[in-house]
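An overview of the molecular structure
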Amino acid sequence: MSEFYDFFWGTAETNRNFDINIETTDTPLARSVALESFRSLVLARPDAGSLRSNDEFLIRFLAARKMNVPDAMLVYNNYYSFLRRNHELISDYGVDNVEVKQALEDGLPGVLQQRDRRGRRIMVLFAAEWDPSRYSVSTIQKAIHISLDLLLQDSVVQDRGLVLIIDWSQFSFRQYSKLQPAVLHSIAHGLEYCYPVRFKAIHCVGPPWYVDAAMSLLKPFLRETSRAKIFSCGNNLSILHQAVSREILPAELGGEQGPYLSSIWIDNLRRAQV
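No experiment lies behind these values; they were computed from the predicted model shown.

Remarks on the overall build of the chain
- Helix and strand content of the chain: 12 helices and five strands.
- Counting only C-alpha atoms and orienting by the principal axes, one finds that the chain spans roughly 50 × 40 × 40 Å.
- Counting every position in the chain, which comprises 274 residues, the buried fraction comes to 54%.
- Here the chain has roughly 12,500 Å² of accessible surface; of this, 53% comes from carbon and sulfur atoms.
- On the chain, the mean spot of the 30 positive side-chain charges and the mean spot of the 31 negative ones are 3 Å from each other.

Some points on the packing of aromatic side chains
- This model, assessed by the stated rule, comprises 18 aromatic pairs.
- Taken together, the ring pairs in this structure connect Phe38, Phe57, Phe61, Tyr76, Tyr79, Tyr80, Phe82 and Tyr195 into an aromatic cluster.

Remarks on the side chain of Asp149
- Tracing the chain through its elements places Asp149 in helix α5 (residues 137-151).
- Side chain to side chain, Asp149 and Arg60 meet in a polar contact 3.0 Å long.

Quick notes on the side chain of Ser245
- With respect to the helices and strands, Ser245 occurs in the loop between α11 (237-243) and α12 (262-273).
- A distance of 3.1 Å separates a polar side-chain atom of Ser245 from the backbone nitrogen of Glu247.

Here we look at the pairing of strand β4 (residues 199-205)
- Of all seven residues making up β4, seven are buried, and the element is well covered by its neighbours.
- Two strands pair when backbone bridges link them, and strand β3 (residues 162-167) and β4 are joined in this way by six bridges, in the parallel orientation. Looking at β4, one finds that Ile165 is bridged to His203.

A word on empty space enclosed by the protein
- Its volume calculated, the second largest cavity comes out at about 50 Å³.
- The wall of the second largest cavity is formed by Phe82, Gln141, Ile144, His145, Ser186, Ile187, Gly190, Leu191 and Tyr195.
- Within the residue set of the lining of the second largest cavity, elements represented by two or more residues are α5 and α8 (181-194).
- Sorting elements by how many residues they give to the lining of the second largest cavity places α8 first, with four residues.
- A class-by-class count of the residues in the lining of the second largest cavity yields five nonpolar, four polar and no charged.

Some words on the sheet that holds strand β2 (residues 121-126)
- Strand order across the open sheet formed by five strands is β1-β2-β3-β4-β5, with mixed pairing between neighbours. The sheet is open, and its two edges are formed by β1 (110-111) and β5 (230-234), each paired on a single side.
- When β4 meets β5, the two strands line up parallel, connected through four bridges. If you follow Val205 over to β5, its bridge partner there is Gly234.
- Of the strands in this sheet, β1, β2, β3 and β4 touch α5, which is tilted by about 170 degrees from β2.

What counts, and where the lines are drawn
Residues numbered from 1 in each chain as written. Predicted model: local features only at pLDDT ≥ 70, side-chain atom pairs only at ≥ 80, totals over all residues. Heavy atoms only, no water. Helix = DSSP H or I, 4+ residues; strand = E, 2+ residues; numbered from the N terminus. Buried < 20%, exposed > 50% of the residue type's maximum accessible area, 1.4 Å probe, protein only. Areas by Shrake-Rupley, 256 points an atom, 1.4 Å probe, with all protein chains shown as cover. Lys, Arg positive; Asp, Glu negative; His and termini not counted. Charge placed at Lys NZ, Arg CZ, Asp CG, Glu CD. Phe/Tyr/Trp six-rings, centres within 6.5 Å; stacked < 30°, edge-to-face > 60°. Polar contact = N/O pair within 3.5 Å; in protein donor to acceptor, adjacent residues only side chain to side chain. Pairing = 2+ DSSP bridges. 1 Å grid on protein atoms, 1.4 Å probe; cavity = no way out; pocket = protein on both sides within 12 Å on 5 of 7 lines; lining within 4 Å. Points joined across faces, edges and corners; volume = space filled by probe spheres on them. Nonpolar A, V, L, I, M, F, W, Y, C, P; charged D, E, K, R; others polar. Contact = heavy atoms within 4.5 Å. Axes fitted to C-alpha atoms, helices over the stretch in contact; angles between N-to-C directions.

Read these as spatial facts, not as claims about activity.
Put into structure tokens, the structure is as follows:
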């Protein structure tokens, strides 16, 4: 089920000297023209008055679809349809929701402080930390939604996308049995077709056979381009380290940064709510 997470932490490092070859091919003029065309489509919706339509929000969708206005509008429409079907994602919204905070403290999800060599932010999911008796998969989905909303405020994330690492090691069959297929499908569909985000790579660490089985069931719902971005390194962390440097990874993933500190990302989310 890792592939349904086609998934910034702050803006402090935005101006570091990363590889400057950002993938978007738009120019400032082309971006301005695309933004105005996109806005006209949004404002033509009968419910436009109740939707977010400021420049900063709209540009997320354009960047996610490389300035293709019709494709961006499709994702925008899907986004609001998805929220209407899953209204619980925005009810009692925020990091101070007790269950959401528990999920974030467990690294479900977490976001690393440092970027990779290409300047991309890295989201992590420590699957084995999930305790079904404390919160549901839907709570994790809400924590992902809150995290993405902050991540996507960063123009570097919009242009370069995100890298996702899912640590399945020690994820038990008991935990697996508590997963709700309908919720998993909802997460997969949402992240694949309804969020203005591009996951450039999805690395799965130590998935047991029953997770592999779940992944095979979800793959038909993904685009071929998304399936090609999923990589499994089994229990061989050296494969992961070839793609993501140990220098920026936490100890749980064989990295040099010490144990993952969830409080840093939670503090960023809390400050963003003020």
